[in-house]
Protein chains: 4
Amino acid sequence: MAGNSFGKLFKLTTFGESHGVAIGGIIDGCPAGLTLDFDAIQNELNRRKPGQSDIVTQRKEPDTVEFLSGIFEGKTTGTPIGFTIHNTNQKSKDYSHIKDTYRPSHADYTYDQKYGTRDYRGGGRSSARETASRVVAGAIAKQILKDIKINAYTSSVGDIYLEKPYQDLDFSKTESNTVRCPDNAVAEQMITKIKAIRKEGDTIGGTVTCVLQNVPVGLGEPVFDKLHAELGKAMLSINAVKGFEYGSGFCGTKMKGSEHNDLFNADGSTKSNLSGGIQGGISNGMDIYFRVAFKPVATIMQNQDTINSEGEMVEMHGKGRHDPCVVPRAIPIVEAMAALVLADYALLRRQESRDW
Amino acid sequence: MAGNSFGKLFKLTTFGESHGVAIGGIIDGCPAGLTLDFDAIQNELNRRKPGQSDIVTQRKEPDTVEFLSGIFEGKTTGTPIGFTIHNTNQKSKDYSHIKDTYRPSHADYTYDQKYGTRDYRGGGRSSARETASRVVAGAIAKQILKDIKINAYTSSVGDIYLEKPYQDLDFSKTESNTVRCPDNAVAEQMITKIKAIRKEGDTIGGTVTCVLQNVPVGLGEPVFDKLHAELGKAMLSINAVKGFEYGSGFCGTKMKGSEHNDLFNADGSTKSNLSGGIQGGISNGMDIYFRVAFKPVATIMQNQDTINSEGEMVEMHGKGRHDPCVVPRAIPIVEAMAALVLADYALLRRQESRDW
Amino acid sequence: MAGNSFGKLFKLTTFGESHGVAIGGIIDGCPAGLTLDFDAIQNELNRRKPGQSDIVTQRKEPDTVEFLSGIFEGKTTGTPIGFTIHNTNQKSKDYSHIKDTYRPSHADYTYDQKYGTRDYRGGGRSSARETASRVVAGAIAKQILKDIKINAYTSSVGDIYLEKPYQDLDFSKTESNTVRCPDNAVAEQMITKIKAIRKEGDTIGGTVTCVLQNVPVGLGEPVFDKLHAELGKAMLSINAVKGFEYGSGFCGTKMKGSEHNDLFNADGSTKSNLSGGIQGGISNGMDIYFRVAFKPVATIMQNQDTINSEGEMVEMHGKGRHDPCVVPRAIPIVEAMAALVLADYALLRRQESRDW
Amino acid sequence: MAGNSFGKLFKLTTFGESHGVAIGGIIDGCPAGLTLDFDAIQNELNRRKPGQSDIVTQRKEPDTVEFLSGIFEGKTTGTPIGFTIHNTNQKSKDYSHIKDTYRPSHADYTYDQKYGTRDYRGGGRSSARETASRVVAGAIAKQILKDIKINAYTSSVGDIYLEKPYQDLDFSKTESNTVRCPDNAVAEQMITKIKAIRKEGDTIGGTVTCVLQNVPVGLGEPVFDKLHAELGKAMLSINAVKGFEYGSGFCGTKMKGSEHNDLFNADGSTKSNLSGGIQGGISNGMDIYFRVAFKPVATIMQNQDTINSEGEMVEMHGKGRHDPCVVPRAIPIVEAMAALVLADYALLRRQESRDW
């Protein structure tokens, strides 16, 4: 109920604060007999970790995952996989200035109101550091999904948009630049933009597009747990996300039914795919694609007026090492959450045999 | 797991197909001692029901709810509330033409693939008729929420937008026109648009904006079950929804942190509210507002090429009585789902006493 | 959370009070494509229904189930199965005497304390009438389980015990007498006992033994959701149950390990079966057997001193039509709950493929 | 679904194998603001740990818990509490002899059948070592429950029974002897018995009685999640448990209703308490008491015939350091599980306000 678990058959529960001893989690329901590719898991963590390039926060954390259970001789055993990532670079003193101060557009105030207390160091539980645990679980989920391809990329930074549809992109280029945009020319503009913003002591938002390919027909439950509803919840649960749309999304609201309907080919595939690969909450075998909106990071390097826990107005001086734009590091998180959703539904799908 | 339940402490489970004996549901966890306003419940159903105006489907269904349990002498008893809405206007013969035919951008194909069978009459379980059960439960949830105000309205139909921010609207006017737009001049344009579209035998999409006011601070669970993530899932679970954004939404991605941050007043309220009333997944006491994208209805009155279950190409002739635009009838559904989310979190919040 | 659901993949949610309009439920997760045997379902209800013999309550209720959804052309569709059983013989006036009076060893007092109100007619929600909904769902679960045999029987009434081990019994005889004991000589004694007790205006307890055969290896989850833990919870959730033991049970506590261990045959079966078909919470392919303790029915036809809701001492005069011994009618309920547990785990087992 | 979580509002998820890196868990839903007594937590672990006396296994494990999150400046923060207990005394070589051999009445065979693999070292996940994580969570739950008293004790070892009813016992004496029986004379006999059994290289079963006092009225949900049903499941989920009874239990089946009914006092308390403090699944304010049956430990120091994974008959030579009787170390586990059940229902009860 307290909301630190995600999934049902492939269930991740996470724990940990930004500056506590460790973060980590338990994956319950990972099937037995899966030979894990540990390098692939660490690689996903590396895509998310701070300090990886000159357009992200310069904090250094090795973000090395340690597995404590559920794996024997390199294979999953079907029992819960416990894991930790120790926090090694906790400069807690950096945060004493926010101990009693509520940072604008952060969760300091709401945590204090809800819990009567908070671990203020680095944002505590509200820090996006928690998402490293999701990336670990997502990397394992990806290994279950095998042939299903999950590709997220930066589709906008501020007002710089990658206009090309995903079909015209080469996803293998996503990792070829630091902003994770698979079009190098646009990536260049985005990087320039982020550097300019950072120089101002400011931050900027952006969008991530994610494409799921080779998803078999039949994943998703058709009423409350529609496949796109779970994907939406998964994405909206990521820090700083303000919106989610799939298929034709908000643009589709301006269309007529005669324009929007996806006509069938004889094999059940469709000629167009404004539906975004899902009909009635169930995958139809076409590509699933969606877009996620990230707000600008709330921590800026400019002075801001704010209040403290006594309700007094105080001036807050921006400091610390923060991301000028969250999007480049969000790519592996978006992919991880998509993988968690798909793994859960793929396992659920397995029990739908009709052999009575 | 099969996804026909929503909520945890205030949990709705629904059943029923469009043309079966009845649809209905069970509300488990409604607190005891609540004197129900049955007229208010029926009124919400009336806002959703077909045949209510000349811009919606002309099917006639009385949509009268019968309560079977959980209520004694007009008050809730704390035990599950079972209810049914009988299907009275089932012209099943209308649907024999789709028995073996997959309607474009409907769930016929995916249901058949997933289940190996489907109740094809009127779309069966995939019909938005299921949402009548949600409206019943949402109407009860609203009665729990008392001072919290939930107001949804039509904010666009096709390319006709209500440009005014919600703060400039008088929600009491929403019900004063058939399209449920609280600005009568814009409503007039929307109605004209829908009528023109219908004349073409076509359909059109639109958006719904919803505003939640007087929400106490502290609702929502901060990691996977963020308040906006549950709202997003709730909305995306409604038939025909393609997108969800809250607060600054997709527009916020183009902003800088220095523009986007909501600075505090001394009392903890904020001067601006681009955050949309939620910080870190927890309500902060400001208005919560979000926008939901509805695609154009897939059933059009024009001929379309499609396939049958044998994979043969066939021509489908549009007929039946359908909505040219789903948005006017979606307003009470959006409100109902918002009420379900809030009721669940409000009950959860109650147990967070800090009196140890 | 309010506890009116049972199961996860094959989930039953029930509603209804003894003297409300109807009782019923929703089965969510029943696989698609199952051709239902409706006579078999009604037959299970008939085994449970009042008035079936001269040793049970003489109330008359037809207990006819009506299915509202989830079934099309005789087959399950994979969507939720809603059903109702209307209450036809509600002599509510019979219960006005307990409106303000707390019957000893009934749930009147605790319901009032918990909810601040209660539907006092016939015990309301606390009545065992609710179990009719379980029997419906259990009858469907049995049809999923096909080759698995579930046989419960009366193994004691008061101090009259059926001493024979289950292996020496012919389960086809269980229905040959009204007390449902598969040994007619012992059944005769039990029936005589119950009649004598009833003549005294009193009631008597008893035990039910249940045997599950042909259960495949591998059902059950090994830590908190051990197969026997779920069976135990299922049985303890039945009205009037005070205890549960499986395999060697309480007797096993007096044994030594060298006596208690079940040695293997070469094929993985075991020579003895004190374990009761479950090791580490997982079925091992041997017979599963357990025993359930039912207390004497609390409603007796004798006068009793008790209190009313004002805390005043009052004398209560037993009246109405009640069971002198709950056990004969509990047999189908025990079987139904066992079927629900097994169906849930059987579906869960299906997704444990190791084909990566 | 994989069953490694217990509870809903106060939810424990555990991980870890007997001889892996560590065992541990996550407690999700522990309320904020609770000042933890860490000594009390460690003390509970010490009551469970091996090597504590001369009648338990002589393995040495310090069983020191490390908290990783959810606690700040000594108080709970409302965020998940992650914790680990490192495995320090893993003599894995001790277990190479069971790598391919199925120990009688252990879970080796069923794990292999279910998962196709197992971590055979020390029983892996099926080892009762997992219960140390439960003891940690239970110790925190006890601190939430404050005035509620939870006292378990050894009530039998083999055929040596503590005949006194719990009302005649002084629970403060439970810890005064190594077998945890609060009657020193009977304890002496039990200890002598266990030592004799151990000398034979054999093991013995026993029972634990547990008494819950000062439980407020109103805990428990009345249909499937009856308070005693959850207690039963909790107890049956403990390794080696074969049975559970509460109140009059199996003995109550031999009684008449007129003997068994608990008559009320004017204040709502009852003169007798055969009901065991629960009516209709809801606590009534009287003492709750129940009894749990533990089988003899399956690992004996005698030679046994068994099979290997090839289905060949082999002789197994008992060795290693094992408990001759599990009961003394099970006392804190029983208490922990009872505390988890009560904490969950106590939090649930908090949200049942009737203030509408």
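Since the structure is predicted, the reported quantities are computational estimates derived from the model, not experimental observations.

(A) Representation of the overall build of chain A in the model. Helices and strands together make up the secondary structure of chain A, namely 7 helices and 17 strands. For 356 residues, the compact-globule formula gives about 21 Å, and the C-alpha radius of gyration of chain A, at 21 Å, lands near that figure. When the backbone C-alpha atoms are referred to their principal axes, chain A occupies close to 65 × 50 × 40 Å. Across the 356 residues of chain A, 67% fall into the buried class. At a minimum sequence separation of 6, the contacts of chain A that also span at least 24 residues come to 69%.

(B) Representation of helix 5 (residues 227-236) of chain A in the model. Most of helix 5 of chain A is tucked away, with 10 of its 10 residues classed as buried. Turning to helix 5 of chain A, its buried residues are A:Leu227, A:His228, A:Ala229, A:Glu230, A:Leu231, A:Gly232, A:Lys233, A:Ala234, A:Met235 and A:Leu236.

(C) Spatial organisation of the relation of the copies chain D and chain C. Superposing chain D onto chain C takes a rotation of 180° plus a shift of 0.0 Å along the axis, which leaves an RMSD of 0.0 Å. In short, the pair behaves as if placed about a two-fold rotation axis. The share of interface residues of chain D whose copies in chain C are also at the interface is 100%, consistent with both copies meeting through the same surface.

(D) Spotlight on the UniProt feature "binding site: FMN" (unreviewed entry) in chain A. Residue and element names in this part refer to chain A. Residues annotated by UniProt as "binding site: FMN" (unreviewed entry) correspond here to Arg125, Ser126, Ser127, Asn239, Ala240, Gly280, Lys295, Pro296, Val297, Ala298, Thr299 and Arg321. An extended arrangement is adopted by the annotated residues: their sequence extent is 197 residues, and the largest C-alpha distance between any two is 44.5 Å. Along the chain, the position of Ala240 falls in the loop between helix 5 and strand 12 (241-246). Here Ala240 falls in the buried class, since 22 other C-beta atoms lie within 10 Å of it. Ignoring any residue separated from it by four or fewer positions in sequence, one finds Ala240 in contact with Phe294, Lys295, Val297 and Val326. Its location among the elements puts Thr299 in the loop between strand 15 (288-294) and strand 16 (304-308).

(E) Summary view of the relation of the copies chain A and chain D. Screw-axis analysis of chain A against chain D gives a translation of 0.0 Å along the axis, an RMSD of 0.0 Å, and a rotation angle of 180°. A share of 97% of the interface residues of chain A reappears at the interface of chain D, consistent with the copies meeting face to face through the same patch.

(F) Fine view of the confidence of the model for chain A. Per-chain confidence: chain A averages 95 in pLDDT, with 97% of residues scoring 70 or above. Across the interface, the model reports ipTM at 0.97; the global pTM reads 0.97.

(G) Looking closely at the sheet that holds strand 4 (residues 65-67) of chain D. Residues and elements named next belong to chain D. With antiparallel pairing, 5 strands are arranged side by side in an open sheet as 1-2-3-7-4. Of all strands in the sheet, those bounded by a partner on one side alone are strand 1 (5-6) and strand 4. Across 2 bridges, strand 1 lies against strand 2 (residues 11-15) in antiparallel orientation. Bridge pairing links Ser5 to Thr13 in strand 2.

(H) Representation of the UniProt feature "binding site: NADP(+)" (unreviewed entry) in chain A. All names here are of chain A. UniProt records the feature "binding site: NADP(+)" (unreviewed entry) for Arg48 in the present numbering. Among the structural elements, Arg48 can be located in helix 1 (residues 38-48). Overall, Arg48 belongs to the buried group, with 25 C-beta atoms counted inside 10 Å.

(I) Highlighting unusual backbone geometry. Phi at A:Ser105 is positive, roughly 60°, even though this residue is not glycine. One can find A:Ser105 in the loop between strand 8 (101-102) and helix 2 (108-115). Phi at C:Asn214 is positive, roughly 65°, even though this residue is not glycine. Overall, C:Asn214 belongs to the exposed group, with 12 C-beta atoms counted inside 10 Å.

(J) Up close: the pairing of strand 17 (residues 313-316) of chain C. Residue and element names in this part refer to chain C. Here strand 16 (residues 304-308) runs beside strand 17; their pairing, made up of 4 bridges, is antiparallel. Each bridged residue has a counterpart across the sheet, and for Asp305 the counterpart in strand 17 is Glu315. Counted between consecutive antiparallel strands, the loop separating strand 16 from strand 17 contains 4 residues, among which Gly311 sits at a positive phi close to 80°.

(K) The interface of chain A and chain D, seen in detail. Contacts between the two partners involve 37 residues from chain A, matched on the other side by 36 residues from chain D. Breaking the side of chain A that touches chain D down by element, the ones donating at least two residues are strand 2 (11-15), strand 3 (22-28) and strand 7 (81-86) of chain A. Element by element, the count of residues in the side of chain A that touches chain D is highest for strand 3 of chain A, at 4 residues. For the side of chain A that touches chain D, the per-class residue count stands at 13 nonpolar, 17 polar and 7 charged.

(L) Quick peek at the sheet that holds strand 2 (residues 11-15) of chain B. On the basis of which strands lie adjacent, the open sheet formed by 5 strands has the order 1-2-3-7-4 (chain B) and antiparallel pairing. If you trace the sheet from one side to the other, it starts and ends with strand 1 (5-6) and strand 4 (65-67) of chain B, each paired once.

(M) Inspection of the interface of chain D and chain C at higher detail. Opposite the 93 residues of chain D that make contact, chain C presents 93 residues. Listing elements by their share of the side of chain D that touches chain C, those giving two or more residues are strand 1, helix 2 (108-115), strand 11 (206-213), helix 5 (227-236), strand 12 (241-246), helix 6 (257-260), strand 15 (288-294) and strand 16 (304-308) of chain D. In terms of residues, the side of chain D that touches chain C owes the most to one element, helix 5 of chain D, which gives 6 residues. Here the residues of the side of chain D that touches chain C are counted per class, giving 33 nonpolar, 39 polar and 21 charged. Bridge count for strand 12 (residues 241-246) of chain C against strand 12 of chain D is 3 bridges, and the pairing is antiparallel. Looking at the pairing, C:Phe244 lines up with D:Phe244 of strand 12 of chain D.

(N) Quick peek at the environment of D:Tyr115. Residue position: D:Tyr115 is located in helix 2. Overall, D:Tyr115 belongs to the buried group, with 24 C-beta atoms counted inside 10 Å. Not counting chain neighbours up to four residues away, the residues in contact with D:Tyr115 comprise A:Ala32, A:Thr77 and A:Gly78.

(O) Structural view of the packing of helix 1 of chain A against helix 3 (residues 131-145) of chain A. Residues and elements named next belong to chain A. The geometry of helix 1 relative to helix 3 is characterised by a closest axis approach of 9 Å and an angle of 140° between their N-to-C directions. Taken together, helix 1 and helix 3 sit at an angle that is classed as oblique. For the pair helix 1 and helix 3, the crossing hand works out as right-handed. Two secondary-structure elements touch here, helix 1 through Ala40, Ile41, Glu44, Leu45 and Arg48 and helix 3 through Thr131, Ala132, Val135, Val136, Gly138, Ala139, Ile140 and Gln143. For the contact of helix 1 with helix 3, the residue count by class is 8 nonpolar, 3 polar and 2 charged.

(P) Expanded view of the packing of helix 5 (residues 227-236) of chain B against helix 7 (residues 327-350) of chain B. Residue and element names in this part refer to chain B. In the contact formed by helix 5 and helix 7, the axes pass within 9 Å of each other and the chain directions differ by 145°. Once helix 5 is placed against helix 7, the crossing between them reads as right-handed. For the pair helix 5 and helix 7, contact is made by Leu227, Glu230, Leu231, Ala234 and Met235 and by Val334, Met337, Ala338, Leu340, Val341 and Tyr345, respectively. Here the contact of helix 5 with helix 7 is composed, by residue class, of 10 nonpolar, no polar and 1 charged.

(Q) Spotlight on the environment of C:Lys114. With respect to the helices and strands, the residue C:Lys114 is situated in helix 2 (residues 108-115). Residue classification places C:Lys114 among the buried residues on the basis of 26 C-beta atoms within 10 Å. It is 36 Å that separates the C-alpha atoms of C:Lys114 and C:Tyr289, two residues lying 175 residues apart in sequence. Among residues more than four places away in sequence, those in contact with C:Lys114 are D:Gly218, D:Ile282 and D:Glu352.

Thresholds, definitions, all that
- Residues numbered from 1 in each chain as written.
- Chains lettered and ligands numbered in written order.
- Predicted model: local features only at pLDDT ≥ 70, side-chain atom pairs only at ≥ 80, totals over all residues.
- Helix = DSSP H or I, 4+ residues; strand = E, 2+ residues; numbered from the N terminus.
- Rg over C-alpha atoms; globule rule 2.2 N^0.38 Å.
- Buried ≥ 20, exposed ≤ 12 C-beta atoms within 10 Å, placed from the backbone.
- Contact = placed C-beta atoms within 7 Å.
- Least-squares fit on C-alpha atoms with pLDDT ≥ 70 in both.
- UniProt positions renumbered as here; feature names shortened; annotations may be inferred.
- pLDDT = per-residue confidence, 0-100.
- Pairing = 2+ DSSP bridges.
- Nonpolar A, V, L, I, M, F, W, Y, C, P; charged D, E, K, R; others polar.
- Axes fitted to C-alpha atoms, helices over the stretch in contact; angles between N-to-C directions.
- Parallel < 35°, antiparallel > 145°, perpendicular 65-115°, else oblique.
- Left-handed = near helix turned anticlockwise from the far one by under 90°.

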